[in-house]
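Listed here are the chains, written in short residue letters.
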Amino acid sequence: MKLKKYSILILAACMGLMSCSDSDLEPTLQQDKSIETSINTDGDLQAVLIGAFERLSSSAYYGRDKIILGEVFADNSSSNANSNRFVAEARMDLLPQSAIAETLWSQAYGVIASANIIIAADGIEGDQALIDQIKGQAYTLRALAHFDLVTYYGQQNVNGGGLSALGVPYVDSFRDNDALFPTRNTVQEVRDLIYADLATAFNLMDANLNDSKEFITTYAVKALEARISNYFGDFDRSLAAAQVVINSQEFSVAGSSDFANTFAIDQASNSVFEIAFTPTDNPGINGLANIYQQGSYGDVIALPNLANIYEDADVRGIGGIITEYADGTLRNTGKYPSTAPYEDNVSVVRYEEVVLLYAEALLETGGSAATALTFLNQIPSNRNATPYTVANKANILLERRKELAFEGFRFHDLARTGMDIPFPDTVLQLHGGPNYGDYNFALPIPSAEEDANANVVQNEGY
């Protein structure tokens, strides 16, 4: 996995895969099984893995929509309707027929389909360690996609649902004729299956084969485990997983002078796992830069309430990551900065998130308060901001909001901690600040899925 970009790797993989095509590389649940009989070597297996990463990079997924929803559903950002994009989303007023509800769902399950083909492949010729490394990445992608689905479509945060509420179907095979119309697993079942997939992934993979951060490494597996178990309140698990990443000493918190540049360069020292973008395969105006920045789209603006939490010298505030325009509009211009062409890699996990996960897990498990404070303060100390005097939940969540703004975390932090969505700006915010437990803490199940699968129950309120 020495080559840097997926597009190059796809070309190389296709040379050894006789039936290589776009549909082969990006299989859906509807296509036939011909691709399964075409996978004979580790190069063939790699081709399907690359297809899974390509799906992950789509504008309907990590290339834009998954991240933007996490911002406009909360109190960080809103839509100014410049091109009439993300207006209904910022109102939290979606329907089963809404395009974004369908495309996010289908794109995530497309990633899962690719992962399942890799996982099921047997009799593969080639380097067994490399085959295991590829399969481990597939298990991780399957876990991540199901986690993203359950955080947006699961009923755990609606009307006191909790772990026994309806989650999403956990699809663990490609086109299983005995399970073409799966029912929704409970949230707890989804969680446990995610944990099992991550454990399998880590056991299959070898840290000596970790290479590019544009692919999943053993440290990315543990970082994602720390995030996912944090969301579910399993802080012992989150602590142990985060500690593996921290103890590796492979990563570092970006300094104040380097912080902004880490979003413009590939594989920075604080990157754990990122998705590759190039001028060739970039999403153009449908990418993150063009929805955040002033231009043809530019619909997603920053809210003053967010800008106001930063101290004047903080490199994440106005004059740093945030730009204030002459008309008073605030925009994220520092994260995902390139627009012509859009070629910035998109971080899935940064080391700073892992540090904050570790501090929160220490706090929640009764660990050393002094150590939790030390880790918490690694972030403001490297942002020209005042360090905290105490590590408590409020300060950790505040620092998460500051550090991870515009990266899609805010809504999920509010939801996982049982908080109402703040409504500090009656002019720019389009939603009214739903109370925790309201129906719109979950997306609707897309009508296309309801029409295709009568076993899938619609979410409350839709």
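For the structure given in this document, a descriptive report is provided here. (Residues numbered from 1 in each chain as written. Predicted model: local features only at pLDDT ≥ 70, side-chain atom pairs only at ≥ 80, totals over all residues. Heavy atoms only, no water.)

Applying the stated criterion to the full structure yields five cavities of 30 Å³ or more. Its boundaries defined by the atoms lining it, the largest cavity holds a volume of some 230 Å³. Considering the residues around the largest cavity, the lining is formed by 21 residues, among which Lys66, Arg227, Gly408, Phe409 and His412 are closest to the centre. Among the elements of the structure, helix H5 (65-72), helix H8 (128-153), helix H10 (218-231), strand E6 (346-350) and helix H17 (410-416) are those that each provide at least two residues to the lining of the largest cavity. When residues of the lining of the largest cavity are assigned to their parent elements, the largest contribution, four residues, is made by E6. (1 Å grid on protein atoms, 1.4 Å probe; cavity = no way out; pocket = protein on both sides within 12 Å on 5 of 7 lines; lining within 4 Å. Points joined across faces, edges and corners; volume = space filled by probe spheres on them. Helix = DSSP H or I, 4+ residues; strand = E, 2+ residues; numbered from the N terminus.)

Our next topic: H5. By the criterion of burial, H5 is predominantly enclosed, with eight of the eight residues buried. Regarding H5, the residues found buried are Asp65, Lys66, Ile67, Ile68, Leu69, Gly70, Glu71 and Val72. (Buried < 20%, exposed > 50% of the residue type's maximum accessible area, 1.4 Å probe, protein only.)

Moving on, we come to the environment of aspartate 148. Topologically, aspartate 148 is positioned in helix H8. Separated by 43 residues in sequence, aspartate 148 and tryptophan 105 place their C-alpha atoms 9.4 Å apart. Apart from the residues lying within four places of it in its own chain, the contact partners of aspartate 148 are Tyr61, Tyr62 and Lys66. (Contact = heavy atoms within 4.5 Å.)

Time to look at the packing of aromatic side chains. Applying the stated criterion across every chain yields a total of 21 aromatic pairs. Their ring planes at 80° and their centres at 5.3 Å tell us that phenylalanine 73 and phenylalanine 411 sit as a pair that is edge-to-face. Of this pair, phenylalanine 73 sits in the loop between H5 and strand E1 (77-79) while phenylalanine 411 sits in helix H17, and the two are 338 residues apart along the sequence. Here phenylalanine 73 falls in the buried class, since its relative accessible area comes to 3%. Taking 5.0 Å as the distance between ring centres and 80° as the angle between the ring planes, the aromatic pair formed by tryptophan 105 and tyrosine 153 counts as edge-to-face. Of this pair, tryptophan 105 sits in helix H7 (residues 99-120) while tyrosine 153 sits in helix H8, and the two are 48 residues apart along the sequence. Each of the two residues, tryptophan 105 as well as tyrosine 153, counts as buried. Members of the aromatic cluster, connected to one another through ring pairs, are Phe73, Tyr152, Phe411, Tyr436 and Phe441. One cation-aromatic arrangement involves arginine 85 over tyrosine 297; the distance from NZ or CZ to the ring centre is 3.7 Å. (Phe/Tyr/Trp six-rings, centres within 6.5 Å; stacked < 30°, edge-to-face > 60°. Lys NZ or Arg CZ within 6 Å of the ring centre and 35° of its normal.)

To continue, consider the pairing of strand E2 (residues 271-275). Buried residues dominate E2, accounting for five of its five residues. Looking at chain direction, E2 and E6 are connected through four bridges and run antiparallel. Of the residues in E6, the one forming a bridge with serine 271 is arginine 350. (Pairing = 2+ DSSP bridges.)

By the secondary structure assignment, valine 190 is in helix H9 (residues 187-204). We classify valine 190 as buried; its relative accessible area is 0%. Note: C-alpha distance between valine 190 and valine 150 (40 residues apart in sequence) is 7.6 Å.

To continue, consider the side chain of arginine 316. Position of arginine 316 relative to the elements: it lies in the loop between helix H13 (304-307) and strand E4 (322-324). A residue is classified by how much of its surface remains accessible, and arginine 316, at 2% relative accessible area, is buried. Separated by 3.0 Å, the side chains of arginine 316 and glutamate 403 make a polar contact. Every residue in contact with arginine 316, bar those within four places of it in the chain, is listed here: Phe259, Tyr310, Ile321, Ile322, Ile379, Arg383, Ala385, Glu399, Lys402 and Glu403. (Polar contact = N/O pair within 3.5 Å; in protein donor to acceptor, adjacent residues only side chain to side chain.)

Counting 131 residues, the largest nonpolar core has Leu56, Phe73, Tyr153, Tyr292 and Tyr351 as the members making the most contacts within it. If one sorts the elements of this core by residue count, H8 sits on top with 13 residues. Once residues within four sequence positions are removed from consideration, tyrosine 292 is found in contact with Ile67, Ile68, Glu71, Ser77, Val300, Arg331, Asn332, Tyr336 and Phe406. (Core = buried A, V, L, I, M, F, W, Y, C linked by side-chain atoms within 4.5 Å.)

Let us now look at the packing of helix H4 (residues 42-56) against H7. Their axes nearest at 9 Å, the elements H4 and H7 cross at an angle of 165°. As judged from the angle between their axes, H4 and H7 are roughly antiparallel. As for the relative orientation of H4 and H7, their crossing is left-handed in sense. Judged by residue contacts, Leu45, Val48, Leu49, Gly51, Ala52, Arg55 and Leu56 of H4 engage Gln107, Gly110, Val111, Ser114, Ile117 and Ile118 from H7. (Axes fitted to C-alpha atoms, helices over the stretch in contact; angles between N-to-C directions. Parallel < 35°, antiparallel > 145°, perpendicular 65-115°, else oblique. Left-handed = near helix turned anticlockwise from the far one by under 90°.)

Turning our attention to unusual backbone geometry. Within the chain, asparagine 159 stands out as a residue other than glycine whose phi angle is a positive 50°. Looking at where asparagine 159 falls in the secondary structure, it is placed in the loop between H8 and H9. Judged by its relative accessible area of 56%, asparagine 159 falls in the exposed class.

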